[in-house]
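Structural overview for review
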Amino acid sequence: MSTNAIPFKSARAAPKGQQTKAVIIDAALNLAAQIGLEGLSIGAIAELTQMSKSGVFAHFGSREDLQISVVREYHLRFEQEVFYAAITAPRGLPRLRAMFANWMKRTSVEIDSGCIYISGATEFDDRPGPVRDALVESVSIWQAAVLRAVEQAQSEGHLAAKADARQIAFEVHGLILALHYEARFLRVPGSIERAERGFDNLLERCATPTAPLTSKASSSTASQAPLKRVR
């Protein structure tokens, strides 16, 4: 065999290994959404993907590594669907509305499938370690993005400069948490519409006379009420 064949075979083997790892992470992500990160195990994923335990272990040296990979993959998908999809909207209130609309769209699906951010916070809130660190980092990045969008809406003159940006971001996050509790746990009808109304009410309190009333980039799951302006 020529020496040129060795690097050629290695180059071809890498993508296959990456594809296999992606299949494992996808299966683990779907399972974690249903039963939580604590329900993940090398054995469970091996059975789900019809692989050997040693085959799964070759890609993830431990259950903890698998859990962290799932958290990171969830974060990447969340960013793509919620954050990056809203970047095309104009800065300020239109972008903030687009982010919330995307978040609501994803949440409406996760009411049935489960949210790893929320279930993970329950599982690891008092358990220090790498998995908790990965969750905290992911959630913190998203919260910072929401805060930045609120601050941009203030700098664009859409939200009152005197408004507390952190309080607004806190309440936006709170609406999503309340929605999960009401819709997923209590199964209360109309929870999505109430969350959307809560978001509109929040903006009504802080909007300026120059705030855009609507945004074509923002399409919620329910009809959007017109925004009242603060005088």
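That block above? That's the structure.
So, here's what we can say about the structure.

What counts as what
Residues numbered from 1 in each chain as written. Predicted model: local features only at pLDDT ≥ 70, side-chain atom pairs only at ≥ 80, totals over all residues. Heavy atoms only, no water. Helix = DSSP H or I, 4+ residues; strand = E, 2+ residues; numbered from the N terminus. Expected span 1.5 Å × (residues − 1). Buried < 20%, exposed > 50% of the residue type's maximum accessible area, 1.4 Å probe, protein only. Contact = heavy atoms within 4.5 Å. Core = buried A, V, L, I, M, F, W, Y, C linked by side-chain atoms within 4.5 Å. Axes fitted to C-alpha atoms, helices over the stretch in contact; angles between N-to-C directions. Parallel < 35°, antiparallel > 145°, perpendicular 65-115°, else oblique. Nonpolar A, V, L, I, M, F, W, Y, C, P; charged D, E, K, R; others polar. Patch = residues over 30% accessible without salt bridge, like charges linked within 9 Å, V, L, I, M, F, W, Y side chains within 5 Å. Areas by Shrake-Rupley, 256 points an atom, 1.4 Å probe, with all protein chains shown as cover. Salt bridge = Lys/Arg side-chain N within 4 Å of Asp/Glu carboxyl O. Left-handed = near helix turned anticlockwise from the far one by under 90°.

**Brief notes about helix α9 (residues 191-206)**
The first and last C-alpha atoms of α9 sit 23 Å apart over 16 residues, in line with the 22 Å expected at 1.5 Å per residue. Every buried residue belonging to α9 is among Ser191, Ala195, Glu196, Phe199, Asp200, Leu202, Leu203, Glu204 and Cys206, and all of these are buried. Buried residues belonging to α9 abut α5 (93-113) and α8 (165-185).

**Some words on the nonpolar core**
In this structure, Leu37, Leu40, Trp142 and Leu159 are the most contacted members of the largest nonpolar core, which totals 63 residues. The set of elements that each furnish at least two residues to this core consists of α1 (5-35), α2 (42-49), α4 (63-83), α5, α6 (116-124), α7 (130-155), α8 and α9. By residue number, the principal contributor to this core is α7, which donates 10 residues. Discounting residues that sit within four places of it in the chain, Trp142 has contacts with Phe78, Val82, Phe83, Met99 and Trp103.

**Quick notes on the packing of α5 against α7**
Where α5 meets α7, the axes come as close as 8 Å, and the angle between the chain directions of the two elements is 150°. Viewed along their axes, α5 and α7 adopt a mutual orientation that is roughly antiparallel. Touching Leu93, Arg95, Leu96, Met99 and Trp103 of α5 are Trp142, Ala145, Val146, Ala149, Val150, Gln152 and Ala153, all from α7. For the contact of α5 with α7, the residue count by class is 10 nonpolar, 1 polar and 1 charged.

**Here we look at a nonpolar patch on the surface**
A surface patch of nonpolar side chains, about 350 Å² in accessible area, is lined by Tyr181, Phe185 and Leu186. Topologically, Phe185 is positioned in helix α8. Assessed through its relative accessible area of 56%, Phe185 is described here as exposed.

**Examining the pattern of salt bridges**
Opposite charge on two side chains lets them pair, provided their charged atoms get close. Per the counting criterion, the structure on display carries 9 salt bridges. Arg63 serves as the salt-bridge partner of Glu38, at 3.3 Å between the closest nitrogen and oxygen. One end of the pair, Glu38, is in the loop between α1 and α2; the other, Arg63, is in helix α4, with 25 residues separating them in the sequence. Given a relative accessible area of 30%, Glu38 falls into the partly exposed group. On the basis of relative accessible area, Arg63 is assigned to the partly exposed category, the value being 32%. Salt-bridge contacts for Arg106 lead to Glu81; the nearest nitrogen and oxygen are separated by 2.8 Å. Separated by 25 residues along the polypeptide, Arg106 in helix α5 and Glu81 in helix α4 bring together distant segments of the chain. By relative accessible area, which is 12% here, Arg106 ends up buried. The class of Glu81 is partly exposed, set by a relative accessible area of 42%. One salt-bridge network, held together by shared partners, links Asp26, Glu73 and Arg77.

**Focus on the packing of α8 against α9**
Taken N-terminus to C-terminus, the directions of α8 and α9 make an angle of 165°; their axes are 9 Å apart at the nearest point. One element, α8, and the other, α9, form an angle in the roughly antiparallel class. Relative to α9, the crossing made by α8 is right-handed. Across from Ile168, Glu171, Val172, Leu175, Leu179, Glu182 and Ala183 in α8, the residues of α9 making contact are Ser191, Ile192, Ala195, Gly198, Phe199, Leu202, Arg205 and Cys206. The residue makeup of the contact of α8 with α9, split by class, is 10 nonpolar, 2 polar and 3 charged.

**Some thoughts on unusual backbone geometry**
A positive phi angle, near 60°, is found at Gln50, a position not held by glycine. Mapped onto the elements of the fold, Gln50 is located in the loop between α2 and α3 (53-59). Judged by its relative accessible area of 75%, Gln50 is exposed. Backbone geometry at Arg187 places phi at a positive 55°, although glycine is not the residue there. Assessed through its relative accessible area of 52%, Arg187 is described here as exposed.

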